[in-house]
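Chains, contacts and geometry: an overview
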Amino acid sequence: MGGAVLLACPDASAQGRDPAAAEALFDAGRAALQAKDYDAACPKFRESYELDPAPGALLNLGDCEEKRGRVATAWSIFRQLARDLPANDDRRPIAQSRAAALEARVPRLTIRLAPGAPADTAVQRAGVPVGAGSLGSPLPVDPGEVHVTAAAPGRKQKTFTVQLAEGAQIELLVAPEEPAAAAGAGPALPPKAAPQEAGGSPRRTAGWISAGVGAVGIGVGAVFGARAIGKKGDAEAYCDEDNVCLDQGIKLQKQGVTAGTISTVAFLVGAAALGTGAVLVFTAPSSGQGSAAPRATIGVVPGGAVATVVF
């Protein structure tokens, strides 16, 4: 589940410090990192840092989080190190370089209230409140599935799910469920005369949502595929016939490989979501006319693509 973490350096006199345990956890984390067991290594580095806030533990934690795909978390850790380390510390330029290299890979999610949503709508992302200052701001999150909820007095909570690939920029419009019909408003309509649920059956609605996410994924894949081809072409100017390249050529080749990887992942996720959506839509039971189906759009911006999902 997407999320980013900034670790605050505790005061040197803070209670709960245990340098000996921190050292043992650091060594265990290094062993797990070398064995590529990142899910075991990262918690050990994090706890080591909490017991004794040494920059080495934090640097290894950032490296570990990047290796297991949590690029937003790693980016925030390297940025913290680059900010807090003394200017003469050899690790500071390393942290600066790692943060800069991750910048374009970090997904960003912008959450806005949908038109007509109550002003007192409470929004949460992965269980963490999204305040008024955060609404409308592109916030970094880790790649993967992100759950956003919206609730308001008198309305049921509604959950929105977004799949974020590396480098994606997604804008999500949220609102709670529509209010229930007021009690005592009059006699209930006969079953056949009752208005249809907006948007048709839940199965069909889920299908449209999946199809919209699939379209976004394929669009992101196309954008980064084009970028990969462009970077490869740019690199040729800095390489000879034997593919021996200057530093700029190597840098462009690496950027092309990264863009190609993002493109492949986005295409695979998009194709899977489109297929799932098609099955759900065409196998859903028929229903009366309702509100428009959810839609997703994508546009190219400097550094990636912006997708908008409207429910």
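Below you will find a few notes about this structure.

Packed helices, taken two at a time, are described by the angle between their axes plus the distance between the axes. At a closest axis distance of 8 Å, the pairing of helix α3 (residues 55-67) and helix α4 (residues 71-84) adopts a crossing angle of 155°. The angle between α3 and α4 falls in the class roughly antiparallel. The two elements α3 and α4 meet at a crossing, and its hand is left-handed. For the pair α3 and α4, contact is made by Pro55, Leu58, Leu59, Leu61, Gly62, Asp63, Glu65 and Glu66 and by Thr73, Ala74, Ile77, Phe78, Gln80 and Leu81, respectively.

Right, let's get into the pattern of salt bridges. Here the structure, examined in full by the defined rule, presents 15 salt bridges. The salt bridge involving Arg98 is made with Asp63; its shortest N-O contact spans 2.8 Å. Of this pair, Arg98 sits in helix α5 (residues 91-102) while Asp63 sits in helix α3, and the two are 35 residues apart along the sequence. Overall, Arg98 belongs to the partly exposed group, its relative accessible area being 25%. For Asp63, a relative accessible area of 14% puts it in the buried group.

Bringing the sheet that holds strand β2 (residues 122-125) into the picture now. Across the sheet, four strands lie side by side as β3-β2-β5-β6; this open sheet has antiparallel pairing. The open sheet has two free edges, formed respectively by β3 (128-130) and β6 (155-164), since each of these has just one partner strand. Adjacent strand axes in the sheet meet at a mean angle of 30° when their direction is disregarded. In this structure, strand β5 (residues 144-152) lies alongside β6, joined through eight bridges in antiparallel fashion. Directly across from Ala150, in β6, lies its bridge partner Lys158.

Among the secondary structure elements, Glu65 is positioned in helix α3. Apart from residues lying up to four places away in sequence, Glu65 is in contact with Cys42, Arg46, Arg70, Thr73, Ala74 and Ile77.

Looking along a regular strand, one sees the side chains alternate between the two faces of the sheet. Note that β2 and β5 share four bridges and pair antiparallel. When the bridges of β5 are listed, Val123 appears paired with Ala150. Counting the residues that bridge the hairpin from β5 to β6 gives two residues, and of these Gly154 lies at a positive phi of roughly 85°.

Over its 16 residues, helix α1 (residues 19-34) extends 22 Å from the first C-alpha to the last, a length consistent with the 22 Å expected when each residue adds 1.5 Å. Where α1 is concerned, the buried positions are Ala22, Leu25, Gly29, Ala32 and Leu33. Down the axis of α1, the sector holding all buried residues measures 95°, keeping them to one side. Seen from the buried face of α1, the exposed residues on the opposite side, beyond 90 degrees, are Ala20 and Gln34.

Here the focus is the side chain of Ser48. As for its placement among the helices and strands, Ser48 is situated in helix α2 (residues 38-51). The contact partners of Ser48, leaving out residues within four places of it in the chain, are Ala22, Leu25, Phe26 and Ala57.

Its 13 residues give α3 an end-to-end C-alpha distance of 18 Å, which sits within 8% of 18 Å, the value for a rise of 1.5 Å per residue. In terms of burial, α3 is a largely internal element, eleven of the 13 residues being buried. Taken together, the buried positions of α3 are occupied by Gly56, Ala57, Leu58, Leu59, Asn60, Leu61, Gly62, Asp63, Cys64, Glu65 and Glu66. Among the structural elements, α1, α2, α4 and α5 are those in contact with the buried residues of α3. Gly69 sits one or two positions beyond α3 and adopts a positive phi of about 90°.

Moving on, we come to the packing of aromatic side chains. Under the counting rule described, the total for this entry stands at one aromatic pair. Between Phe26 and Phe45, the ring centres sit 5.7 Å apart and the planes meet at 65°, which makes this aromatic pair edge-to-face. You can see Phe26 sitting in helix α1 and its partner Phe45 sitting in helix α2, a full 19 residues away along the chain. Looking at Phe45, the relative accessible area reads 0%, which means it is buried. The ring centre of Trp75 lies 5.3 Å from the NZ or CZ of Arg108, which sits over that ring.

Definitions and cut-offs
Residues numbered from 1 in each chain as written. Predicted model: local features only at pLDDT ≥ 70, side-chain atom pairs only at ≥ 80, totals over all residues. Heavy atoms only, no water. Axes fitted to C-alpha atoms, helices over the stretch in contact; angles between N-to-C directions. Helix = DSSP H or I, 4+ residues; strand = E, 2+ residues; numbered from the N terminus. Parallel < 35°, antiparallel > 145°, perpendicular 65-115°, else oblique. Left-handed = near helix turned anticlockwise from the far one by under 90°. Contact = heavy atoms within 4.5 Å. Salt bridge = Lys/Arg side-chain N within 4 Å of Asp/Glu carboxyl O. Buried < 20%, exposed > 50% of the residue type's maximum accessible area, 1.4 Å probe, protein only. Pairing = 2+ DSSP bridges. Expected span 1.5 Å × (residues − 1). Arc of directions from axis to C-beta. Phe/Tyr/Trp six-rings, centres within 6.5 Å; stacked < 30°, edge-to-face > 60°. Lys NZ or Arg CZ within 6 Å of the ring centre and 35° of its normal.

By themselves, these observations are geometric and do not establish any function.
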